[in-house]
Amino acid sequence: MIWSDFIQAQWLDAVLLGNSVTTWLAALALVLVAGLLLPLVQRLLTQRLSRLAERDDARVSRYIGAIAEGTRRGVLLLLALFIGARLLVLPAKIDTVVERLVAVALLLQVAWWAQRAFDVWFSGYLERKRADDVAAAATVTLLGFMGRVVLWSVALLMILDNLGFDITTLVASLGIGGIAVALALQNILGDVFASLSIALDKPFVIGDFIIVDDIPGTVQHIGLKTTRVRSLSGEQVVFANSDLLKSRIRNYKRMYERRVLFGFGVLYQTSPEELEAIAAMVREIVEAQSGARFDRAHFKGFGDSSLDFEVVYYVLDPDYGRYMDIQQAINLELVRRFAALGVGFAFPTRTLHVETLPPPTVAPNHA
């Protein structure tokens, strides 16, 4: 019994790679405890947040729970090994390698958490965009891709810096290369960023009737480089996105009401009493139209062959067809009322006055 105790004690005190067996066993036990405890804590936290996320108003819990699900088991295992290794006396080079390896793993885990957070936010934003504008959703997807590229580029630079690389030269090289690529792809990148501006600012969406400079049409497609508009005459007009944003765009789809100005003229033979009654008559006709708001009607002035009136009213519906229906009804009623009143519409006329000259006098003949 004494001999066995001696053998056992001697075995535990044996040194292996600079550490006693007892230390190795303690480190192994610590690794096992940490390896079991860390995933358990992560699982319990995720379950707890999932239960909280079932509430309608627990948006923060849903957000944090979704991020926690992005924790990688490999990182937790590596962290458990690092915790156990703290009990051991390791050579300086090995200890440095272990520390850098764990630091890289933690940086990757932070990047995964950041990407998970971005994906959770971006998926909700993209769903809202798809409900509003399918074409804009495609452009926003590109924006999400660019965001992930930036995230992992920063993570890669931090990892290289942690591994001992001099990233100053690399960043300078990437900067020079980026400038060269940007200059080579200047027009394409300009259209892509213009597409992002259209998607985020929404000066128009698919289905809007717009006028670009002097070209009217309906927006059919908004792409990464071009926007396509179906003109009134039937052909498809393709605009580069950068050129489109530099132009003056009038969006008639977002017009809440339409201001209408029209005029007409009556004959110069119209009496002052009839002229005075015309303005009130026009007001009555416009106010009788459903969906129209009268503004003014005036005897404007004296034309070359007519006494001119000017009328302004508003159509409360931006639809062009509705405006034309109301204008047609007003014109027909004006024709009926003028016919009943005996007032004639003026049309271009010219009166020629010929003056009769006296006959020439004949000088008397004195022959």
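Residues numbered from 1 in each chain as written. Predicted model: local features only at pLDDT ≥ 70, side-chain atom pairs only at ≥ 80, totals over all residues. Heavy atoms only, no water.

Draft legend 1. Layout of the packing of helix α10 (residues 272-287) against helix α11 (residues 320-341). Here α10 crosses α11 at 145 degrees, and the two axes come no closer than 11 Å. Judged by the twist between their axes, the crossing of α10 over α11 is right-handed. Contacts from Glu-274, Ile-278, Met-281, Val-282, Glu-284, Ile-285 and Val-286 in α10 reach Ile-330, Glu-333, Leu-334, Arg-337, Phe-338 and Leu-341 in α11. When grouped by side-chain class, the residues that make up the contact of α10 with α11 number nine nonpolar, no polar and four charged. (Axes fitted to C-alpha atoms, helices over the stretch in contact; angles between N-to-C directions. Helix = DSSP H or I, 4+ residues; strand = E, 2+ residues; numbered from the N terminus. Left-handed = near helix turned anticlockwise from the far one by under 90°. Contact = heavy atoms within 4.5 Å. Nonpolar A, V, L, I, M, F, W, Y, C, P; charged D, E, K, R; others polar.)

Draft legend 2. Broad picture of α11. Look at α11: 31 Å from first C-alpha to last across 22 residues, which is about the 32 Å you get at 1.5 Å a residue. For α11, the secondary structure elements touched by its buried residues are β8 (258-266), α10, β9 (292-302) and β10 (307-315). The first or second residue beyond α11 is Gly-342, which carries a positive phi of 85 degrees. (Expected span 1.5 Å × (residues − 1).)

Draft legend 3. Region of the structure containing α10. Over its 16 residues, α10 extends 24 Å from the first C-alpha to the last, a length consistent with the 22 Å expected when each residue adds 1.5 Å. All of the buried residues along α10 are Leu-275, Ile-278, Met-281, Val-282, Ile-285 and Val-286. Packing partners of the buried residues in α10 comprise β8, β9, β10 and α11. (Buried < 20%, exposed > 50% of the residue type's maximum accessible area, 1.4 Å probe, protein only.)

Draft legend 4. Up close: the pattern of salt bridges. Evaluation of the coordinates by the stated rule reveals nine salt bridges. The closest approach of N and O atoms between Glu-284 and Arg-337, which form a salt bridge, is 3.4 Å. Pair noted here: Glu-284 is in helix α10 and Arg-337 is in helix α11, with a separation of 53 residues, a long-range link. Judged by relative accessible area, Arg-337 falls into the partly exposed class, the value being 25%. Among the salt bridges present, the one from Arg-336 reaches Glu-333, with a minimum N-O distance of 3.3 Å. With Arg-336 and Glu-333 both in helix α11 and three residues apart, the pair spans about one turn of that helix. When its relative accessible area of 51% is taken as the criterion, Arg-336 is described as exposed. On the accessibility criterion, Glu-333 (23% relative accessible area) is partly exposed. Residues participating in the shared-partner salt-bridge network are Glu-284, Glu-333, Arg-336 and Arg-337. (Salt bridge = Lys/Arg side-chain N within 4 Å of Asp/Glu carboxyl O.)

Draft legend 5. Spatial organisation of the nonpolar core. Counting 24 residues, the largest nonpolar core has Phe-264, Val-266, Ile-278 and Tyr-313 as the members making the most contacts within it. Mapped onto this core, the elements with two or more residues apiece are β8, α10, β9, β10 and α11. When residues of this core are assigned to their parent elements, the largest contribution, six residues, is made by α10. The contacts of Phe-264, once residues within four sequence positions are left out, are Ile-278, Val-282, Leu-307, Asp-308, Phe-309, Val-311, Leu-334, Phe-338 and Phe-345. (Core = buried A, V, L, I, M, F, W, Y, C linked by side-chain atoms within 4.5 Å.)

Draft legend 6. Focus on the side chain of Arg-258. One can find Arg-258 in strand β8. For the buried Arg-258, no salt bridge is present, and the opposite-charge side chain at shortest range is Asp-319, 7.1 Å distant. Among the polar contacts listed, one links the side chain of Arg-258 to the backbone oxygen of Pro-318, at a separation of 2.9 Å. When residues no more than four places from it in sequence are discounted, the contact partners of Arg-258 are Tyr-313, Tyr-314, Val-315, Pro-318, Asp-319, Tyr-320 and Tyr-323. (Lys, Arg positive; Asp, Glu negative; His and termini not counted. Polar contact = N/O pair within 3.5 Å; in protein donor to acceptor, adjacent residues only side chain to side chain.)

Draft legend 7. Broad picture of the packing of aromatic side chains. Per the counting criterion, the structure on display carries ten aromatic pairs. Taking 5.5 Å as the distance between ring centres and 65 degrees as the angle between the ring planes, the aromatic pair formed by Tyr-320 and Tyr-323 counts as edge-to-face. On the criterion of helical spacing, the pair formed by Tyr-320 and Tyr-323 is a turn pair, its members being three residues apart in helix α11. Among the residues examined, Tyr-323 registers a relative accessible area of 16% and is labelled buried. Aromatic rings pair up to connect Phe-262, Phe-264, Phe-299, Phe-302, Phe-309, Tyr-313, Phe-338 and Phe-345 into one cluster. (Phe/Tyr/Trp six-rings, centres within 6.5 Å; stacked < 30°, edge-to-face > 60°.)

Draft legend 8. Representation of the sheet that holds strand β4 (residues 215-222) in the model. Taking strand neighbours across the sheet as the criterion, the five strands line up as β6-β5-β4-β3-β7 in an open arrangement whose pairing is antiparallel. Because the sheet does not close on itself, it has two edges, and the strands there are β6 (236-240) and β7 (249-251). Pairwise comparison of adjacent strand axes, ignoring direction, gives a mean angle of 40 degrees for this sheet. Pairing of strand β3 (residues 209-212) with β4 involves four bridges; the strand directions are antiparallel. What sits directly across from Val-212, in β4, is Ile-215. (Pairing = 2+ DSSP bridges.)

Draft legend 9. The sheet that holds β8, seen in detail. Spatial ordering of the open sheet is given by β8-β10-β9, a layout of three strands whose pairing is antiparallel. Strands with a single pairing partner mark the edges of an open sheet, and in this sheet they are β8 and β9. Strand-to-strand twist in this sheet, taken as the mean axis angle between neighbours without regard to direction, amounts to 20 degrees. Pairing analysis gives nine bridges linking β8 to β10, with the strands arranged antiparallel. Within β10, the position partnered with Val-266 by the bridge is Leu-307. Most of the contacts of α10 go to β9, to which it runs at about 160 degrees, and overall it touches β8, β9 and β10.

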